[in-house]
Amino acid sequence: MEKHMAVCPYCGTGCKLNLLVEGGKVVGAEPLNGVTNEGELCLKGYFGYDFINDTKILTPRLRNPMLRRSRDAAFEAVSWDEAIQYAATKLSAIKAKYGPDSIMTTGSSRGTGNETNYVMQKFTRAVLGTNNVDNCARVCHGPSVAGLQVTLGNGAMSNSIPEIEHTKCVLVFGYNVADSHPVIAKRIIKAKERGAKIIVCDPRKIETARLADLWLPLNNGSNMALVNAFANVLINEGLYDKEYVANHTEGFDEYKAIVDKYTPEYAEAITGLPAEDIREAMRIYAAAPSATILWGMGVTQWGQGVDVVKGLSGLALLTGNLGRPNVGVGPVRGQNNVQGSCDMGVLPTEFPGYQKVTDPEVRAKFAKAWGVESLPDQIGFRLTDVPHLAETGKLKAMYVMGEDPAQTEPDLALVRKGFEAMEFVIVQDIFMTKTAMFADLILPATSWGEHEGVFSAADRSFQRFTKAVDAKGDVKHDWEIISLLATAMGYPMHYDNTKQIWDELRELCPIFYGVTYEKMEGLGAVPWPCRDLDSAGSKYLYEGNVFQRPGGKGLLFATEWRPPRDQLTEEFPLILCTVREVGHYSCRSMTGNCAALQTLADEPGYVTINPKDAKALGIRDQELVWVSSRRGKVISRASVTDRTNKGAVYMTYQWWIGACNELTIHAVDPIAKTPEYKYAAVRVEAIADQVWAENHVQQEYAKLKGGLSNAVARATKKAPAYA
Amino acid sequence: MNRFVTANPSKCIGCRTCEVACALAHSDGAGVEGLAPDTFKPRIRMVRTADVSTAVMCHHCEDAPCVNACPNNAIVYRQNSVQVEQERCLGCKNCVLACPFGVMDVVTVPAVRQFAGMTMSLGVKAQAHKCDLCVGRDAGPACVSVCPTNALTLMDREAMDETLRRRRERAALEAAEVAA
C-alpha cells in the first residue's frame with residue numbers, strides 16, 4: 001500500500017492526512033500529526049475520499065472537454081485543441097466587441113490549490129484585462145475580510161488554531177463549530193477542560209451551546225444589537241482596558257456615543273435575551289486573562305455582516321485581547337482554501353498578497369512582472385452581482401472554475417436567468433454539476449488527490465499537499481488549462497509545475513516571500529506574514545499591538561442595528577436560516593459522491609423545526625413538507641427538534657430537491673455584497689399524501705441525476721475518439 | 001472485568017464518525033464503497049436529544065441480560081467481553097428485548113453456501129448484532145480510534161481503576177473544601 005501526504009479538501013482547519021492507495025485507487029485516509037489537527041480527522045476527513053474514484057453516486061467525473069455549439073444542442077466531446085481554440089476565439093471576440101469588463105472569472109476555494117488561483121487571477125488581469133475575478137468568500141467570510149481590514153488592517157484570523165485550546169474564554173458567535181470544523185471543536189472542548197469559560201451566541205441549541213457555560217439564544221437577525229450591548233456593558237461597567245484603549249485604539253468617543261443607547265435593557269427588546277445574561281457574558285469575557293472570539297456564517301451571511309464583524313473586533317480591542325498568544329478574533333474559514341483564494345488575489349479589489357488594484361505602484365510592479373503594458377485600475381464585479389449584470393447585458397461571458405453557483409448562490413431562479421442571459425459560459429470542474437448544465441464549454445480538471453499544491457488553512461498557515469493517484473481520462477491540471485487558454489489568446493503562459501508558480505508569486509508578495517516549498521515539506525506549516533527566508537511565519541498578528549492601519553491603531557466602530565430585509569407576513573410567517581451539516585460539504589459534488597457520507601444523509605434533506613411550530617402546522621417528525629418563500633417552493637423532510645428555536649426553520653444548502661437556495665433572498669451587505677442567507681420569510685406546509693411525496697422526491701431526484709449523467713454519457717458516446 | 005466502550009457526552013459533537021468506522025470495521029474489508037443506506041447497520045449509535053448528544057453501545061455487562069435471555073446459548077462471555085456465536089443465533093429477539101440499553105439488535109444477512117465453485121443462496125440468516133469490541137482488530141475498537149474529540153474510551157480494568165482513583169481524589173478534595 002502506498003501513502004501520499006495531503007491536506008484535507010473539506011473545511012479550513014487544514015488537517016494533514018495520508019491518502020492510502022492500492023492499485024492506483026484511493027482506498028483510505030489516515031490522520032497525520034499536522035500542526036492544526038495533531039493526529040485527528042473528522043467524518044469527512046476519514047471517509048470523504050472516494051469521490052476521486054468516480055463512484056457516480058451523485059454525478060459523474062468529467063473525462064473530456066465537452067462543447068455545445070448552441071444552447072439547444074447536446075454536449076459533444078472534443079479535443080483539447082478544439083476546446084481551447086473555441087474558448088480563446090469566443091472570449092477574444094466578446095472582449096473585442098463589449099470590452100474586457102464584459103467577462104468575469106472565478107477562482108476556486110476548493111481542491112485545486114493556491115497556484116491555480118494565482119494563475120486564474122493573472123489570466124483575468126493580464127490577458128482578459130479586467131479585475132472581474134472573485135471567489136466564494138463573497139458568499140461566506142467576505143464581510144470578515146472587509147470589516148477586519150478596516151478596524152485592524154488584516155482580514156484573517158488573528159491567532160492560530162492550536163492557540164484556541166489555551167485561551168481562557170471562547171466567545172462563539174454565530175458559529176456552529178461542531179458541524180463546520182469538528183477538529184476545531186476539539187480545541188474548544190480542550191480549552192474548557194483546561195478551565196476556559198465558553199459563551200455561545202446562537203439562536204439554535206448547537207452542540208457548543210450544550211457545552212457552554214453561558215448560552216445566549218438571541219433572536220435571528222439581532223446580531224448588531226447584541227454586539228453593541230456587549231460594548232455598552234464593557235464601557236458602562238468599567239470592564240474595558242482603559243490603558244489599551246488609550247494607547248492602541250482610536251474612535252472611542254464616537255463609538256461610545258453610538259453604543260450608549262444599547263443598554264442591555266434596550267437590547268433585550270431586539271435580541272430577546274435577558275439583560276442580565278448580556279451583562280454576565282461580558283463580565284466573563286472581560287475577566288478572562290485571555291479571550292478569543294470565533295465566528296462563522298451566523299455573523300457574515302447578513303445584510304449587516306461587515307458592521308457586526310467590525311463590532312466584534314471592537315470587543316477584542318476594548319479588552320486588549322489582540323497582539324499576543326491565545327487571544328484574538330477568529331473568522332474561521334469554511335472551505336479548505338477560501339483563505340487561499342483570497343491570499344492569491346482572486347478578489348476584484350486585490351492582487352495576490354492583499355495588494356490593492358487601485359494602487360498605481362502595485363499595478364506597475366505586477367504589470368512589469370507579467371510583461372504587460374498596464375493592468376486594469378477599476379475594482380471588478382462581485383460574484384453576487386453576476387445575475388443582475390448578466391440580465392442587464394453588462395456581463396456577457398463567465399468562466400466558472402470549481403464552483404457551483406447554480407446550487408450555492410441565493411435565489412437560484414435569479415441565478416439561472418443570469419446564466420441563460422450570458423453569451424458564453426465556461427465551466428471548469430472535476431464533476432458534472434448543475435452549473436455545468438448551463439455551460440457552452442466544459443473543461444475537465446484533475447481532482448484533489450490527482451495533483452499537488454499549497455492550501456491556506458483558516459489560520460493563514462500555508463501547507464503543501466501531494467498527488468496520490470494519476471487522473472483518468474483526458475483531463476488537465478486547472479493551472480495548465482488556464483495557461484493554454486492564455487497562450488491561445490496571445491499571451492504565452494507556461495509553467496512546468498506548481499513550484500514554479502509558487503516561486504513567481506512569492507517574489508511578488510512581500511508577506512509570502514519567506515514561505516518556500518522547502519519550509520512546507522512534510523508536515524511543515526508556515527503562517528503568513530512571513531517576509532524573510534529565515535522566518536517561520538507569524539502565529540499571531542499585530543505583535544506589539546501595532547495594527548496595519550495608518551497610524552498603527554485599531555479602530556473602534558459601531559453603528560445602529562438594522563433589521564433583516566425579508567418581511568415576515570401571515571403568508572410567510574417563519575424565518576428560514578440556511579446552515580451546514582457535518583457530513584456534507586458545499587454544493588455536495590464531492591461528498592455526494594462519497595458512499596459513507598451519502599449513506600448518512602441523502603435527499604431531500606431536512607428542514608428542522610421547533611415542536612411547537614410543527615404541532616401548530618400538523619407536521620410530524622420525518623414527514624415530507626413543502627417549504628415556500630416569495631421566490632420558490634421545495635420539498636423537504638421535517639426534523640422536529642427542541643434544538644431549533646420557535647419561529648425559525650433551518651435547512652442545509654447542498655440538496656438538489658430540498659434546495660433551500662430556491663427560497664433565499666438576494667439581499668446583500670452594502671460593502672461586502674454577501675447575501676442574507678440567514679433570513680428569508682417562508683411558509684412550511686404539511687403534505688397529506690406522504691406516499692405521493694416520497695415517490696415525487698425519488699422521481700425528481702432520479703430525473704436530476706439522470707440529466708447530468710446522460711449529458712456526459714451522450715457526449716462521450718458521440719465522439720468515441722476522445723472517450 | 002468485561003471491557004466496554006464508554007462515551008462522554010460532554011465531548012461528543014454528534015458527528016457520527018464512530019458509526020461509519022463501526023460499519024466499516026465489520027464490512028469484511030469491503031471498504032467505504034460497500035456502504036449503502038439499506039445495509040448501514042453500525043453497532044454504535046449516536047443519539048441526539050434536546051440536551052444530550054452521545055453515542056450508545058453495548059456495556060458488555062458482567063451479568064448480561066442478553067446472555068441470560070438467549071435460549072440457544074448463542075451469547076457468551078469471551079475475551080473479557082460479551083460475544084455472539086452467530087451460527088447459534090435463532091433470531092428470536094429475546095436478547096433485543098432483554099437489553100436495557102437498546103443496543104442489541106437482530107438483523108438478517110444473506111446466507112450463502114459454496115458448492116463446486118458456485119455460490120448458492122440459502123435465503124437469509126439471523127444475527128444478533130452488537131458491539132464486539134472489534135476483537136481481532138489490532139488497533140482496538142474502530143470507533144475509539146476515529147472519534148475526533150476523543151469522546152470514546154475503551155474501559156478495561158486498568159482504565160476503570162484510574163477513573164475510580166481520580167473520582168475518589170476529587171471526592172476527598174471536595175470533602176476537604178466543605179470541612180474548611
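Treat the numbers as computed from the prediction; the structure is a model and nothing was measured.

Definitions and limits used
- Position numbers for residues count from 1 along each chain, tracking the sequence in the order it is written.
- A letter from A marks each chain and a number from 1 marks each ligand, given out in the order of writing.
- Only residues with pLDDT of 70 or above have their local features reported here, since the model is predicted, and side-chain atom pairs are shown and tallied only from 80 upward, although totals for entire chains, interfaces and linings are computed over all residues.
- Based on all heavy atoms of the structure, the side-chain values leave hydrogens and waters out of the count.
- Runs of E in the DSSP output that reach at least two residues are strands. Runs of H or I that reach at least four are helices, and both are numbered from the N terminus.
- Only the C-alpha atoms count toward the radius of gyration. The rule for a globule is 2.2 Å times the residue count to the power 0.38.
- For the exposure calls, accessible area comes from a 1.4 Å probe over protein chains only, and a residue counts as buried if that area is under 20% of its type's maximum, exposed if over 50%, partly exposed in between.
- Whether two residues touch is decided by their heavy atoms; if any such pair falls within 4.5 Å, the residues are in contact.
- This arc is taken over the directions from the axis of the helix to the C-beta atoms.
- Between N or O atoms, a polar contact is any pair within 3.5 Å; within protein, one atom must be a potential hydrogen donor and the other a potential acceptor, and residues adjacent in sequence are included only when both atoms are from side chains.
- Each salt bridge in this description consists of a side-chain nitrogen of Lys or Arg and a carboxyl oxygen of Asp or Glu lying within 4 Å of one another.
- In this analysis an axis means a line fitted to C-alpha atoms, helices contributing only their contacting stretch, and an angle means the value between N-to-C directions, from 0 to 180 degrees.
- Should the near helix be turned anticlockwise from the far one by less than a right angle, the crossing is termed left-handed; should it be turned clockwise, right-handed.
- Joining two parts hides part of their accessible area as seen by a 1.4 Å probe, and the buried area is that hidden amount summed over both.
- Three residue categories are used. Nonpolar comprises Ala, Val, Leu, Ile, Met, Phe, Trp, Tyr, Cys and Pro, charged comprises Asp, Glu, Lys and Arg, and polar comprises the others, including Gly.
- Note on terminology: a nonpolar core comprises buried Ala, Val, Leu, Ile, Met, Phe, Trp, Tyr and Cys residues joined through side-chain atoms within 4.5 Å.
- Where a domain begins and ends is set by an automatic assignment or by a domain database.

1. Section: the overall build of chain A
Moving on, step 1. Along chain A, the regular secondary structure elements total 24 helices and 28 strands.
Moving on, step 2. Here the C-alpha atoms of chain A give a radius of gyration of 24 Å, agreeing with the 27 Å that 2.2 N^0.38 yields for 723 residues.
Moving on, step 3. For the C-alpha atoms alone, the extent of chain A along its principal axes is close to 75 × 70 × 55 Å.
Moving on, step 4. Looking at chain A as a whole, 68% of its 723 residues are labelled buried.
Moving on, step 5. Taking all contacts inside chain A whose residues are at least 6 apart in sequence as the whole, residues at least 24 apart take part in 74%.

2. Notes on helix H11 (residues 264-271) of chain A
Count 3.6 residues to each turn of an α-helix, and residues three or four apart come out pointing the same way.
Residue and element names in this part refer to chain A.
Moving on, step 1. Pro264, Ala267, Ile270 and Thr271 are the residues of H11 that are buried. Down the axis of H11, the smallest arc covering the buried residues is 110°, so these residues share one side.
Moving on, step 2. Residues of H11 that are buried sit in contact with helix H8 (223-236) and helix H12 (275-287).
Moving on, step 3. Following H11 by one or two positions, Gly272 has its phi on the positive side, about 75°.

3. Here we look at helix H21 (residues 498-508) of chain A
All names here are of chain A.
Moving on, step 1. Residues of H21 that are buried: Thr498, Ile501, Trp502, Leu505, Arg506 and Leu508. One side of H21 carries all its buried residues, which in axial view fall inside an arc of 160°.
Moving on, step 2. Looking at the buried side of H21, the elements it contacts are helix H3 (114-128), strand S15 (355-356), helix H16 (360-370), strand S19 (453-456), strand S20 (461-465) and helix H20 (478-488).
Moving on, step 3. Capping of H21 at its N-terminal end is provided by Asn497; its side-chain oxygen lies 3.2 Å from the backbone amide nitrogen of Lys499.

4. A word on the pattern of salt bridges
All names here are of chain A.
Moving on, step 1. The full count for this structure, using the stated rule, is 55 salt bridges over all chains.
Moving on, step 2. Here Glu30 and Lys3 are joined by a salt bridge, their closest N and O atoms 2.9 Å apart. Here Glu30 is found in strand S3 (residues 25-31), whereas its partner Lys3 is found in strand S1 (residues 2-7), with 27 residues between them in sequence.
Moving on, step 3. What emerges from the salt-bridge pattern is a single network uniting Glu38, Glu165, Arg187, Lys190 and Arg194.

5. Digging into the packing of H3(A) against H21(A)
Residue and element names in this part refer to chain A.
Moving on, step 1. Between H3 and H21, the shortest axis-to-axis distance is 9 Å and the interhelical angle comes to 65°. Between H3 and H21 lies a crossing whose hand is left-handed. Contacts between H3 and H21 involve Asn114, Glu115, Tyr118, Val119 and Lys122 from the former and Thr498, Ile501, Trp502, Glu504, Leu505 and Leu508 from the latter.

6. Things to note about unusual backbone geometry
Moving on, step 1. Following Trp528(A), the chain continues to Pro529(A) via a peptide bond in cis, the omega torsion being 0°.
Moving on, step 2. On the secondary structure map, Pro529(A) appears in the loop between strand S21 (525-527) and strand S22 (554-555).
Moving on, step 3. Pro604(A) follows Glu603(A) through a cis peptide bond whose omega is 0°.
Moving on, step 4. Along the chain, the position of Pro604(A) falls in the loop between helix H22 (595-600) and strand S24 (606-609).
Moving on, step 5. With phi around 55°, Asp28(B) is a residue other than glycine that occupies positive phi space.

7. Looking at the interface of chain A and chain B
Moving on, step 1. Listed per partner, the contact involves 28 residues of chain A and 31 residues of chain B.
Moving on, step 2. Taken together, both faces of the contact between chain A and chain B bury some 2,400 Å²; the carbon and sulfur share is 59%.
Moving on, step 3. Across the chain A-chain B interface, the total number found is 4 salt bridges.
Moving on, step 4. For Asp51(B), the salt bridge identified is with Lys205(A), shortest N-O distance 2.6 Å.
Moving on, step 5. Between the two partners, chain A and chain B, sit 16 residue pairs in polar contact (both at pLDDT 80 or more).
Moving on, step 6. The set of elements that each furnish at least two residues to the side of chain A that touches chain B consists of helix H1 (43-47), helix H6 (182-193), helix H7 (207-211) and H22 of chain A.
Moving on, step 7. For the side of chain A that touches chain B, the residue count by class is 15 nonpolar, 3 polar and 10 charged.

8. Remarks on the nonpolar core
Residues and elements named next belong to chain A.
Moving on, step 1. The biggest cluster of nonpolar side chains holds 137 residues, and the ones touching the most others in it are Leu19, Phe123 and Trp370.
Moving on, step 2. Of all the elements, helix H2 (residues 80-98) adds the most residues to this core, at 8 residues.
Moving on, step 3. Counting 51 residues, the second-largest nonpolar core is a separate cluster that includes Ala288, Trp295, Val299 and Leu318.

9. A word on the side chain of Asn321(A)
All names here are of chain A.
Moving on, step 1. Mapped onto the elements, Asn321 comes out in the loop between helix H14 (305-318) and strand S13 (328-331).
Moving on, step 2. Look at Asn321 and you get buried, because its relative accessible area is 2%.
Moving on, step 3. Among the polar contacts listed, one links the side chain of Asn321 to the side chain of Thr319, at a separation of 2.9 Å.

10. A closer look at the domain arrangement of chain B
Residues and elements named next belong to chain B.
Moving on, step 1. Assigned domains within chain B: domain 1 (1-57 + 131-180) and domain 2 (63-94 + 106-128).
Moving on, step 2. Averaged C-alpha coordinates put domain 1 and domain 2 at centres separated by 24 Å.
Moving on, step 3. The interface is formed by 8 residues belonging to domain 1 together with 7 residues belonging to domain 2.
Moving on, step 4. Both sides together, the interface formed by domain 1 and domain 2 hides about 620 Å², and carbon and sulfur atoms give 43% of it.
Moving on, step 5. For domain 1, the biggest contributors to the area lost against domain 2 are Asn2, Arg3 and Val135; these three give 55% of the whole.
Moving on, step 6. Here domain 1 and domain 2 share 0 salt bridges between them.
Moving on, step 7. Our count for the contact surface shared by domain 1 and domain 2 stands at 5 residue pairs in polar contact (both at pLDDT 80 or more).
Moving on, step 8. Looking at the side of domain 1 that touches domain 2 residue by residue, the classes come out as 4 nonpolar, 1 polar and 3 charged.

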